[in-house]
Amino acid sequence: MHAQTPGTPPGILAPHIPADAYRRAQDTGTPVVIVIHTTDPTGRPLRHYLYPLAIAGAGAIGIFATVAALLALLDFAAQTAMSVAAATGPLSIGGISLARSKH
């Protein structure tokens, strides 16, 4: 950073003030009024919509993945049960047969 020279506007605070007007205000002691014209934004910024959409999307993907994992687990359990049932043959408990008879 370079040093402030007397009679020049301070830093980049107000580079649009003419140097002679700044020196005159500094010599007479009158305050320098800086007016900045801005316009208000007319709508909401995109980030106000982006964060809720990102959270909702992540939640939807999480629910979808949970349902897919549950269905895959049920499919695996059903196939395992069918494989075990096919390998064991007919079951009978207390004289009650759980298999169809082949007549």
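No experiment lies behind these values; they were computed from the predicted model shown. (Residues numbered from 1 in each chain as written. Predicted model: local features only at pLDDT ≥ 70, side-chain atom pairs only at ≥ 80, totals over all residues. Heavy atoms only, no water.)

A. Just the overall build of the chain, in detail. Helices and strands together make up the secondary structure of the chain, namely 2 helices and 2 strands. Shown N-terminal to C-terminal, the secondary structure of the chain runs as helices and strands in the order α-α-β-β. Carbon and sulfur atoms provide 69% of the accessible area of the chain, an area that totals close to 9500 Å². (Helix = DSSP H or I, 4+ residues; strand = E, 2+ residues; numbered from the N terminus. Areas by Shrake-Rupley, 256 points an atom, 1.4 Å probe, with all protein chains shown as cover.)

B. Representation of a nonpolar patch on the surface within the structure. Together, I63, V67, L70, L71, L73 and L74 make up an exposed nonpolar region whose accessible area comes to about 600 Å². Along the polypeptide, L73 turns up in helix α2 (residues 47-88). (Patch = residues over 30% accessible without salt bridge, like charges linked within 9 Å, V, L, I, M, F, W, Y side chains within 5 Å. Salt bridge = Lys/Arg side-chain N within 4 Å of Asp/Glu carboxyl O.)

C. Geometry of the packing of aromatic side chains. All told, the structure shown has 0 aromatic pairs when counted by the stated rule. A cation over an aromatic ring shows up here: R44 above the ring of Y49, its NZ or CZ 5.4 Å from the ring centre. (Phe/Tyr/Trp six-rings, centres within 6.5 Å; stacked < 30°, edge-to-face > 60°. Lys NZ or Arg CZ within 6 Å of the ring centre and 35° of its normal.)

D. Here's a closer look at α2. With 42 residues, α2 extends 61 Å between its outermost C-alpha atoms, agreeing within 8% with the 62 Å of an ideal straight helix rising 1.5 Å per residue. A positive backbone phi angle near 85° is found at G89, which sits one or two residues after α2. (Expected span 1.5 Å × (residues − 1).)

E. Layout of the confidence of the model for the chain. Averaged over the chain, the pLDDT score is 78; the fraction of residues at 70 or greater is 75%. Of all secondary-structure elements in the chain, the lowest mean pLDDT belongs to strand β2 (residues 96-97), at 69, while α2 reaches the highest, 93. (pLDDT = per-residue confidence, 0-100.)

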